[in-house]
Amino acid sequence: DDMIVKIWDCADYMNDVKLAAEVETGHLRNIFCAEICPHKPNRVVSCAADGTVRMNDIHIGASGNRHEDMLSSSYCIAHMFQFDVTQPDVVYVCEDRGRLMRIDTRAGNECSSIYKSVRRDHSVKAVAQSAAFGAHYLFVGGQGFVVRQLDVRKLESNGNNSNGGGGRDGSE
């Protein structure tokens, strides 16, 4: 039941809210995060407990089928994701085993690990990015009371970086 994304038409939210679309995502376990693509309003991205991140067409095509892309697949739970504010084709995904993944949908869904928590038992459950703080900063949270600030420019230049490459704890 939590494997379907429902999109509501709230144009007349005071009187009548209507179901605009129901998207069968293909996830095998509960969806934790779903968002309409900022650069492709006919597509929705979702991540779930089955470890997959998927992009689906919202509308059914003339053939009666929806187009679906598997952006990534992992044995870890995918908690949430964030579109890059300057490159909407890039998605940052939080994984249960303490990794932050970067998926570039322009490059054949190229997926790379850009951050890994130093402690193996710490999951990465939240990621945020704000142009107000500088679009090159990601803020990553998980277990405990620490938020890490990561500089994407340093992470990308170092590739798979286990120490956060230029990151710093919010506790400092």
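Each value, and the rule that gives it
- Residues numbered from 1 in each chain as written.
- Predicted model: local features only at pLDDT ≥ 70, side-chain atom pairs only at ≥ 80, totals over all residues.
- Heavy atoms only, no water.
- Helix = DSSP H or I, 4+ residues; strand = E, 2+ residues; numbered from the N terminus.
- Buried < 20%, exposed > 50% of the residue type's maximum accessible area, 1.4 Å probe, protein only.
- Areas by Shrake-Rupley, 256 points an atom, 1.4 Å probe, with all protein chains shown as cover.
- Pairing = 2+ DSSP bridges.
- Axes fitted to C-alpha atoms, helices over the stretch in contact; angles between N-to-C directions.
- Phe/Tyr/Trp six-rings, centres within 6.5 Å; stacked < 30°, edge-to-face > 60°.
- Salt bridge = Lys/Arg side-chain N within 4 Å of Asp/Glu carboxyl O.
- Contact = heavy atoms within 4.5 Å.

What about the overall build of the protein?
(1) Moving on: Secondary structure assignment for the protein yields 1 helix and 14 strands.
(2) Moving on: A buried classification covers 41% of the 172 residues belonging to the protein.
(3) Moving on: Surface summary for the protein: the accessible area is close to 9400 Å², and the carbon and sulfur share equals 49%.

Some remarks on the sheet that holds strand 6 (residues 68-73)
(1) Moving on: With antiparallel pairing, 4 strands are arranged side by side in an open sheet as 3-4-5-6. Only two strands of the sheet have a single neighbouring strand rather than two, namely strand 3 (31-36) and strand 6. Here the strands of the sheet are splayed against their neighbours by 15° on average, with no regard to which way each runs.

Brief notes about the packing of aromatic side chains
(1) Moving on: This structure, assessed with the given rule, holds 1 aromatic pair.
(2) Moving on: Considering the side-chain rings of Phe 81 and Phe 83, the 5.7 Å spacing of their centres and the 90° angle between planes classify their relative orientation as edge-to-face.
(3) Moving on: In this structure Phe 81 comes out as buried when scored by relative accessible area, which is 2%.

Focus on the pattern of salt bridges
(1) Moving on: In this structure the tally under the stated criterion is 6 salt bridges.
(2) Moving on: As a salt-bridge pair, Arg 43 and Asp 69 come within 3.5 Å of each other at their nearest N and O atoms. Placement of the pair is Arg 43 in strand 4 (residues 43-48) and Asp 69 in strand 6, with a sequence separation of 26 residues.
(3) Moving on: By relative accessible area, which is 23% here, Asp 69 ends up partly exposed.
(4) Moving on: A salt bridge links Arg 153 to Asp 151, with the shortest nitrogen-to-oxygen separation between them at 2.7 Å.
(5) Moving on: Judged by relative accessible area, which is 49%, Arg 153 ranks as partly exposed.
(6) Moving on: Within this structure, Arg 43, Asp 57 and Asp 69 form a network of salt bridges that share partners.

A few points about the pairing of strand 8 (residues 90-95)
Looking along a regular strand, one sees the side chains alternate between the two faces of the sheet.
(1) Moving on: Across the 6 residues of strand 8, 6 count as buried, placing the element largely inside the fold.
(2) Moving on: Across the two faces of strand 8 the burial is the same, with Val 90, Tyr 92 and Cys 94 and Val 91, Val 93 and Glu 95 all buried.
(3) Moving on: One ladder, built from 5 bridges, connects strand 7 (residues 78-83) with strand 8; its direction is antiparallel. Bridge pairing in strand 8 links Phe 83 to Val 91.

Concerning the environment of Trp 8
(1) Moving on: Its place among the elements puts Trp 8 in strand 1 (residues 4-12).
(2) Moving on: Taking the C-alpha atoms as reference points, Trp 8 and Ala 20, separated by 12 residues in sequence, lie 5.1 Å from one another.
(3) Moving on: Here Trp 8 is in contact with Val 17, Lys 18, Leu 19 and Ala 20, once residues within four sequence places are set aside.

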